[in-house]
Amino acid sequence: MAGTFFRKKSIDRIMADRHAGFSDSEVAEQGLRRILTVKDLTFMGIAAVVGAGIFSTIGNASFHGGPGVSLLFVITAITCGFSALCYAEFASRIPVAGSAYTYAYASFGELIAWIIGWDLLMEYAIGNIAVAISWSEYFTNLLAGFNIHIPAYLTMDYLSAANAHAEVLAAGGNLSAISDKVKFAARAWDTAPGPGSFKLIADLPALGIVFLITYLVYIGIRETKKATNAMVILKVGVVVGVIMLGLFYVTPANWDPFMPNGFEGMMKGVSGVFFAYIGFDAISTTAEECKDPQRDLPKGMIYSLVICTVLYILVALVLTGMVNYQYLQVEDPLAFVFKSVGLDNVSYVISVSAVIATASVLLIFQMGQPRIWMAMSRDGLLPEKFSSIHPKYKTPWFATIVTGCLVAIPALFMNLTEVTDLTSIGTLFAFVLVCGGVLLLPRESPADANHKRFRIPYISSRYIVPALMIFLFIVFRTQIQSLFQYDGDWHVYKDKLPYFLFLIAAVVMSVLSFVKKLSLIPVLGLLSCLYLMTELGYTNWLRFLIWLGLGLIIYFTYGYRKSKLNVKQEL
C-alpha cells in the first residue's frame, strides 16, 4: 500500500503522454503554441526577478545588512545558480509543463510530486497577492503625483485600516510617534462608508491589475510575450540608468563598516533578497510553448539569473553608497535615495518604472500557476477541467480564470504583505526537491541520450562535501554549540529548531556523498537551499507544514483515488 504512494511516472511515460494525450490539452491541434525563444525566456526570467525586490525589499535588506547585503545577493545567486542548473537538467530531459511538480513525479514518486505541486500553488498564489498589493501602493502614489487621489478606503485592505484606527485611538492626542502610513490608513477607516464597525474598505487597484493581467494571460502566450519583452526593456533601462547616475553621488564613507551588524545581520535580509529571485523557476512552466525547450530553457534560466544578479549587486552598492544604510528601511528605496540628493525628477521616473516592473512580475507568476494546475490535472490529481485548452487562444483557460480569482479576491480584502517569508520557504522547498530529484534520475542509455541537450557537469562530491562540512562546522562551532543551550525562553529558542534539520541533512549528505560519489552541484544546491530555509524561523515552518498538511488531506481524499496511475493499476 505504502509503495503506491511513491509510484513514479517514468520519463518515457511522461513524454509518451505528452504526444498521445491524457486530455484535450495534449492533442496536437489543441496544444499550446510553441513560439518562445531563448531571448523570450531570458526576458521572462528578468521580468520575474527584477521587480518588487529591486524596487522595495532591497531597502529593508540593506537596513539590516548594510553594504554587505551585496554579498547576500551573491550567496543567494549562487544558491539559485545550483538550483537553476538542476532545473535546466530536468527541463532539457523532461520538456513538458509542470515545473518542479513534473520533475518530482519522475524522480520521487506521486506523493512527493503532489506535495511539491501543492507547495508551488502556495508559492505562486501568495506571491501574486503580495505583488498585487505592492503594485497598488506604487500605482496610487504615482497617481498622487498627477494630483489624482483615489479615496483611501479604496486603496487598502480592511485589516490594515482597522489596525491603524486602533493605533491612532490608543495614541490619544499624541500623534508624533505615528507614521504617515498609519495615519493614512486610519483616515481610510474614518472616511469609509458603512455603519459602525462595518466599513466598505477594499484595494480596488490590486483587483484591477489582477483582472487585467489574468485577461492578458488568458488570451495567449504571444500577447504575454510581447507585453513582457516591452516591460523588461523599459525597466532594465531605468535600472541601468539609476546605477550609472547614482555612481556620481556615491560617498565611499557610507560603505564603512561594510557589514555593520555582522553576518547574522546580513542574513536577516535573506527573505526579502530571496523573494526577489523566486520567479526564475516560472520559466520552466512554459516548456510546451518553447520552440526548442531542451536547448533554450536552460539558457534562458541561466542568462536571466546572471543578468539579474549583476543588477542587484550594483543597485545594492549604489543605494548604500548614496545614503547611510540606517535610512533605507523604506518602501521605495530607489526613489528615496534620489530624493535625498535633490533629484526629485529622477525619483518620479523610478516610480513609473516600479509600476511597470511590479506588473511584469505579476504577469509571469500568473502565467506560471495555471500551467502547474494543468499538469496536475493531466495526471488525475485535480479535476480534468483544469487541463482544458482554449480552442482559440491555446491557453489553459479554466486554470487561468481560477488563478485570477484566487489572487484577486484575497488581494482585494486581505493584508498579506507580511507573508513573503512563506513564499520564500515554499520556493526553497521546491528547490531542495529539484536538486534532490536530479540525484535520483535514472542514467540515460547511450542510445537514448540527446547529445545536444543540457547536462549538469559531473564533479564527484566524495571528498569535497565532507571536507566542506567539516570546515564549516569548525568555523561556526560557536553558533552550533549555542543550538544546544536552552536559556528557558521558548519564544527565542524555537527559531533555532530548523537548524537541527540542516545539521542532520548535512551529516547525511556528507556520508552519502562519500559512499555513492554523488554529483557535486545538486548536493550543494540541496544543502544551500535547506540552510536558507532554516533562516526563516519557526513560525514560517509551522505555517508551511500546516499548508502541506491541508494538501495531504486533499490528496488522500481525491488525488490518490483519481490518479491516472491508480486507475491503470485497478484496470
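Everything below is about the structure printed above this text.
Throughout what follows, the structure given in this document is the object of discussion. Residues take numbers from 1 onward in each chain, read along the sequence in its written order. Whole-chain, interface and lining totals are the exception, using all residues; otherwise, since this is a predicted model, local features are given only for residues with pLDDT of at least 70 and side-chain atom pairs are given and counted only at 80 or more. To obtain the side-chain values, all non-hydrogen atoms of the structure were included, while hydrogens and water were left out.

Let's talk about the pattern of salt bridges
Salt bridges are identified by distance alone: a Lys or Arg side-chain nitrogen within 4 Å of an Asp or Glu carboxyl oxygen. By the definition in use, this model includes 1 salt bridge. Among the ionic pairs, Glu110 bridges to Arg7, the shortest N-O distance being 2.7 Å. With a gap of 103 residues between them, Glu110 in helix α7 (residues 110–145) and Arg7 in the loop between α1 (2–5) and α2 (11–20) connect regions that are remote in the sequence. Note on accessibility: Glu110 and Arg7 belong to one class, buried. Where helices and strands are cited, they refer to DSSP runs of H or I of at least four residues and of E of at least two residues respectively, numbered from the N terminus. A 1.4 Å probe rolled over the protein chains alone gives each residue an accessible area, and that area as a share of the maximum for its type sets the label: buried under 20%, exposed over 50%, partly exposed in between.

Points about the layout of surface pockets
A 1.4 Å probe that fits but cannot get out identifies a cavity on a 1 Å grid over protein atoms alone, an open set with protein on both sides within 12 Å along at least five of seven lines counts as a pocket, and a residue lines either if it has an atom within 4 Å of a point. Grid points are joined across faces, edges and corners, and a volume is the space filled by probe spheres set on the points. Taken as a whole, the second largest pocket holds about 1300 Å³ of empty space. Around the second largest pocket sit 38 residues that line it, and Phe263, Met267, Tyr499, Tyr531 and Glu535 are the ones nearest its centre. Looking at the lining of the second largest pocket, the elements that each hand over two or more residues are α5 (69–93), α12 (262–267), α13 (270–275), α19 (464–475), α20 (477–482), α22 (497–516), α23 (520–534) and α24 (537–562). If you tally residues by element for the lining of the second largest pocket, the top one is α23, at 6 residues. As a working rule, the residues Ala, Val, Leu, Ile, Met, Phe, Trp, Tyr, Cys and Pro are called nonpolar, Asp, Glu, Lys and Arg charged, and the rest polar, with Gly in that last group. The class makeup of the residues in the lining of the second largest pocket is 23 nonpolar, 9 polar and 6 charged.

Quick word on the packing of α5 against α23
Remark: α5 packs on α23, axes separated minimally by 8 Å, with the N-to-C direction vectors making an angle of 130°. If you check the angle between α5 and α23, you find them oblique. Regarding α5 and α23, the two cross each other, and that crossing is left-handed. Contact residues: Thr79, Phe82, Ser83, Leu85 and Cys86 in α5; Ile521, Pro522, Leu524, Gly525, Ser528, Cys529 and Leu532 in α23. For the contact of α5 with α23, a count of residues per class yields 8 nonpolar, 4 polar and no charged. Axes here refer to lines fitted to C-alpha atoms; in helices the fit is confined to the stretch in contact. Angles between the N-to-C directions go from 0 to 180 degrees. When describing relative orientation, an angle under 35 degrees is termed roughly parallel and one over 145 degrees roughly antiparallel, while 65 to 115 degrees is termed roughly perpendicular and anything else oblique. Note on convention: near helix rotated counterclockwise from far helix by under a right angle means a left-handed crossing. Clockwise means right-handed. In what follows, a contact means two residues having at least one pair of non-hydrogen atoms within 4.5 Å.

Regarding the packing of aromatic side chains
Working definition: a ring pair exists when centres of Phe, Tyr or Trp rings (six-membered ring for Trp) sit within 6.5 Å. Plane angles under 30 degrees give stacked, over 60 give edge-to-face, the rest tilted. One pass over the full model with this rule turns up 16 aromatic pairs. Measuring from ring centre to ring centre gives 5.9 Å for Trp114 and Tyr555, while their planes differ by 35°; the resulting arrangement is tilted. Here Trp114, found in helix α7, pairs with Tyr555, found in helix α24; they are 441 residues apart in sequence, far enough to count as distant. For Trp114, a relative accessible area of 1% corresponds to the buried category. Overall, the relative accessible area of 0% leaves Tyr555 in the buried class.

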